[in-house]
Amino acid sequence: MKTATSAGVLLYRDRNGLEVLLGHPGGPYWRRKDEGSWTVPKGEVLDGEDLYKAALREFAEETGFQPKGAVTPLGSVRQAGGKSVHVWAIEADWNPETLVSNTFSIEWPPRSGRMQNFPEIDRADWFDLTTARAKILRSQGDFLDRLDLLRRSE
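Here the structure is a predicted model, which means the values were calculated and not measured. (Residues numbered from 1 in each chain as written. Predicted model: local features only at pLDDT ≥ 70, side-chain atom pairs only at ≥ 80, totals over all residues. Heavy atoms only, no water.)

**As for unusual backbone geometry**
For the bond from Trp108 to Pro109, the omega torsion is -5°, close enough to zero to count as cis. Within the fold, Pro109 resides in the loop between strand S6 (103–107) and strand S7 (115–119). Positive phi outside glycine occurs at Asn16, with the angle close to 60°. Taking the relative accessible area as the measure of exposure, Asn16 reaches 87% and is therefore exposed. The phi torsion at Arg111 lies on the positive side, around 60°, for a residue other than glycine. The topology assignment puts Arg111 in the loop between S6 and S7. (Helix = DSSP H or I, 4+ residues; strand = E, 2+ residues; numbered from the N terminus. Buried < 20%, exposed > 50% of the residue type's maximum accessible area, 1.4 Å probe, protein only.)

Next up, the structure:
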């Protein structure tokens, strides 16, 4: 069985300290979850697709924003479910109030026969690194550490 691969962009800015943009997953499962549930905006890489181009495409699909700026590769992590996630950091500013996310459909409530649409990301926000470490999925926390280390070494 082929392991799923995702790619995404970790947007960051410096406003009296480093801040990163995280997205909160949409849908009923994540509705009441906060700490440990936010994510780098990312999505599945299509067969044969360039990882960085997939990261840019997915970020735009999930936020409605196409970042431009200096790009820093942050490598990859393997999430608990086996998915490989590749991330690039881009320094840019964006207003999360303008979020426009693509949607997905699932049967909800389960076994109801009703299909409902939900946004892939229902909200996004800027967080300082301390807060972001509490908010982000544990498996993606390494991306924050890598960005912080790179920024400190500049």
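**Some points on the packing of aromatic side chains**
Inspection of the entire model under this criterion finds 6 aromatic pairs. On the basis of an interplanar angle of 65° and a centroid distance of 5.5 Å, the ring pair of Tyr52 and Trp88 is categorised as edge-to-face. Remark: Trp88 occurs in strand S5 (residues 84–91) and Tyr52 occurs in helix H1 (residues 51–63); sequence separation between them is 36 residues. Note on Tyr52: relative accessible area 25%, which makes it partly exposed. Summarising the aromatic geometry, the rings of Phe59 and Phe65 are spaced 6.4 Å apart at their centres and angled 70° between planes, so their arrangement reads as edge-to-face. Residue Phe65 is classed as buried on the basis of its relative accessible area of 19%. Here the aromatic cluster, defined as three or more aromatic residues joined through ring pairs, consists of Phe59, Phe65 and Trp94. (Phe/Tyr/Trp six-rings, centres within 6.5 Å; stacked < 30°, edge-to-face > 60°.)

**Side note on the pairing of strand S4 (residues 71–78)**
Every other side chain in a regular strand lies on the same face of the sheet, so the side chains alternate between the two faces. Here S4 pairs with S5 via 6 bridges, running antiparallel. Within the sheet, the bridge partner assigned to Thr72 lies in S5 and is Ala89. Linkage of S4 to S5, two consecutive antiparallel strands, is achieved through a turn of 5 residues, within which Gly82 is found at a positive phi near 100°. (Pairing = 2+ DSSP bridges.)

**Some thoughts on the environment of Ile136**
When you line up the elements, Ile136 lands in the loop between helix H2 (129–135) and helix H3 (141–152). For the pair Ile136 and Asn95, spaced 41 residues apart in the sequence, the C-alpha separation amounts to 19 Å. Contact partners of Ile136, with chain neighbours within four places excluded, come to Leu22, Gly36, Ser37, Trp38, Val40, Gly141 and Leu144. (Contact = heavy atoms within 4.5 Å.)

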